[in-house]
Amino acid sequence: MSTGSGAASAPAPTPHDTPARTSSMFSSLRIRNYRLFFLGQAVSNIGTWMQRIAQDWLVLSLTGSAAAVGITTALQFLPMLLFGLYGGVLVDRLRKRPTLLVTQSAMALTSLVLAVLTLTGHVEVWHIYVAAFALGLATVVDNPARQSFVSELVGPGQLQNAVSLNSANFQSARLVGPAVAGLLITGVGTGWAFLLNGLSFVAPLTGLLLMRARELHAVERAPRAKGQLREGLRYVAGRPDLLWPIVLTGFVGTFAFNFPVYLSAFADDVFHGGAGVYSLFNTLMAVGSLAGALLAARRGAARLRLLVLAALAFGALEVLAAGAPDLWMFALLMVPVGLFAMTVNVTTNTGIQMSTDPAVRGRVMALYMMVFLGGSPVGAPVVGWVTDTYGARAGLAAGGAVAMAAAAVIGLILARAGGLRLSVGWHRGHPRVRFVPRERREAPAPVA
């Protein structure tokens with residue numbers, strides 16, 4: 001395993017992580033086990049997006065407060081912040097498929113309980129808070145297990161393609177889920193969205209049960225031992241190409257990815273729309289996110305340079321959207337916002353998975369997910385307070401500014417670690433900003 005000082009792009013993967021060149025954007029779908037996994041997740045992801053929209057809108061309807069939406073988001077991701085690393089240790093020890101059967105069942109049960117409370121008219125805000133926290137507890141193990149299970153399904157040669165298709169799958173569901181949720185909320189109520197999400201888990205559970213164990217790519221599980229958590233942290237600390245992207249996505253995820261807070265506030269307070277407008281914003285963002293995921297499936301190696309530039313563009317677009325004068329301008333800006341948000345997400349995810357030793361992949365992915373998603377308990381109430389106090393435009397602009405600042409600082413750190421310098425110039429009549437190798441200083445000639 002590498003302990004080098006880092007470079008402008010991820011270091012050359014070790015042989016077991018070297019990706020094969022794929023001839024098709026959907027090449028990993030030729031693998032039966034992955035195909036079952038992909039189809040099950042496609043159904044479940046639609047339900048997940050339905051519940052996200054319904055949950056946020058129900059909280060806003062019951063309280064009228066963007067801060068309450070932020071608290072719900074914070075409670076859902078608080079377990080990841082508190083226990084995420086321990087979840088990664090468990091994932092490295094356990095068999096992934098049985099683990100996912102348990103976590104997916106627990107998530108289904110949580111949704112069904114919330115559906116019963118809502119449909120019977122007994123739901124209160126604290127019920128939603130408890131359900132969000134319970135879902136977060138299951139996610140502590142489910143997220144790193146699903147992320148690392150992909151390598152067992154497809155092997156190293158198709159890993160990058162499969163990870164990108166997973167993101168495309170999730171964002172495709174984002175096109176359908178919010179639209180269906182909007183129709184259900186306005187037509188029959190939020191409880192039906194929770195019920196359908198609970199039932200949607202039948203698909204991934206069936207897919208997991210139908211998989212052929214003999215066709216899985218064997219990955220050595222970490223034996224139970226002391227110090228495994230510290231071992232994972234030391235591994236990341238010694239790899240700047242892993243450490244700094246995780247730090248960057250931590251800032252972005254904590255302050256700029258709080259879309260439930262931002263978009264619900266813009267839909268309700270700025271443009272005075274309803275659940276349909278909120279769903280529209282989410283759907284248009286999903287169009288851009290899907291495009292970003294499919295472009296990632298066609299790309300080669302995930303470079304840190306791309307991650308930094310995408311984070312800069314993402315933050316700048318959020319600042320621009322904060323000042324959008326009307327609903328349709330804001331809505332259209334959600335497409336490029338979604339594209340660059342997904343580019344940040346997929347580039348980090350694939351870069352980390354392909355550069356990490358399989359023996360510690362669960363712990364490293366848990367750390368990444370803990371920082372990326374676990375920052376919401378800190379960021380969501382803060383941006384919710386800023387949004388309630390100073391308005392939705394100020395909240396979104398502040399989140400975008402944090403993303404830009406973090407990308408600029410960490411980009412310079414990575415460039416310095418990789419022996420690069422910033423070059424600003426012109427190329428064919430257009431300005432060009434890039435990192436280039438530093439010139440080596442020649443030793444002075446000896447004095448005669």
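Note: the structure precedes this text.
The numbering scheme is per chain: residues are counted from 1 as the chain's sequence reads. This being a predicted model, a pLDDT of at least 70 is required before a residue's local features are given, and a value of 80 or more before pairs of side-chain atoms are given or counted; all residues contribute to the totals for chains, interfaces and linings. Hydrogens and water molecules were not included; the side-chain quantities draw on all heavy atoms of the structure.

**Student:** Would you take a moment to explain the packing of aromatic side chains for this structure?
**Tutor:** By convention here, two paired aromatic rings are described through the distance between centres and the angle between planes. To pair, rings of Phe, Tyr and Trp, with the six-membered ring standing in for Trp, must have centres within 6.5 Å; the planes then decide the type, stacked if under 30 degrees apart, edge-to-face if over 60, and tilted in the middle. Following the criterion strictly, the structure yields 14 aromatic pairs and no others. Note on F281 and F330: the rings are 4.9 Å apart at their centroids and 70° apart in plane angle, and the pair reads as edge-to-face. Of this pair, F281 sits in helix 11 (residues 275-298) while F330 sits in helix 13 (residues 327-355); the two residues are 49 residues apart in sequence, bridging distant segments of the chain. On the accessibility criterion, F281 (0% relative accessible area) is buried. Only protein chains enter the area calculation, which uses a 1.4 Å probe; residues under 20% of their type maximum are buried, those over 50% are exposed, and those in between are partly exposed. Residue F330 is classed as buried on the basis of its relative accessible area, which comes to 0%. One aromatic cluster in this structure is built from Y34, F37, F38 and F149. A positively charged side chain is recorded as over a ring if its NZ (Lys) or CZ (Arg) lies within 6 Å of the ring centre. The angle to the ring normal must also be within 35 degrees. Lying over the aromatic face of W49, R52 brings its terminal NZ or CZ to 4.8 Å of the ring centre. To qualify as a helix, a DSSP run of H or I must reach at least 4 residues; to qualify as a strand, a run of E must reach at least 2; elements of each kind are numbered from the N terminus.

**Student:** For this particular structure, what's the right way to read helix 9 (residues 240-255)?
**Tutor:** Since the α-helix turns once every 3.6 residues, residues separated by three or four places project in the same direction. Take the residue count of a helix, subtract one, and multiply by 1.5 Å to get its expected span. Taking 1.5 Å per residue, 16 residues should reach 22 Å; helix 9 reaches 23 Å between its end C-alpha atoms and fits that length. Taken together, the buried positions of helix 9 are P240, D241, L242, P245, I246, L248, T249, G250, V252, G253 and T254.

**Student:** Please clarify how the side chain of N349 should be interpreted in this entry.
**Tutor:** Mapping N349 onto the fold places it in helix 13. Since its relative accessible area comes to 6%, N349 is described here as buried. The contact criterion used is simple: two residues touch if any of their non-hydrogen atoms lie within 4.5 Å. Once you skip the residues sitting within four places of it in the chain, N349 turns out to touch Q147, V163, M365 and Y368.

**Student:** Whenever I open this one, the nonpolar core confuses me. Can you help?
**Tutor:** Inside soluble globular proteins, nonpolar side chains tend to come together where they are buried. Throughout, nonpolar core names a set of buried Ala, Val, Leu, Ile, Met, Phe, Trp, Tyr and Cys residues whose side chains join them through atoms within 4.5 Å. L248, L263, F281, F314, F330 and M334 are the most contacted members of the largest nonpolar core, which totals 83 residues. The next biggest cluster of nonpolar side chains, apart from the first, holds 20 residues, and it includes F37, V91, L165 and M211.

**Student:** Quick question: what am I supposed to make of the packing of helix 9 against helix 12 (residues 304-322) here?
**Tutor:** The relative placement of two packed helices comes down to the angle between their axes together with the axis-to-axis distance. Only the stretch in contact is used when fitting a helix axis, every axis being a line fitted to C-alpha atoms; angles between N-to-C directions are given from 0 to 180 degrees. Put simply, helix 9 and helix 12 touch, their axes get as near as 11 Å, and they point 10° apart. Taken together, helix 9 and helix 12 sit at an angle that is classed as roughly parallel. For the crossing formed where helix 9 meets helix 12, the hand is left-handed. Contact residues: helix 9 offers D241, P245, L248 and V252, while helix 12 offers L304, L307, V308, A311 and F314. In this count, Pro and Cys sit with the nonpolar residues alongside Ala, Val, Leu, Ile, Met, Phe, Trp and Tyr, while Asp, Glu, Lys and Arg are called charged and the others, Gly among them, polar. Across the contact of helix 9 with helix 12, the residue classes tally to eight nonpolar, no polar and one charged. In what follows, roughly perpendicular refers to angles from 65 to 115 degrees, roughly parallel to angles under 35, roughly antiparallel to angles over 145, and oblique to any angle outside these ranges. If you view the pair so one helix is near and one far, a crossing is left-handed when the near helix is turned anticlockwise from the far one by less than a right angle, and right-handed when it is turned clockwise.

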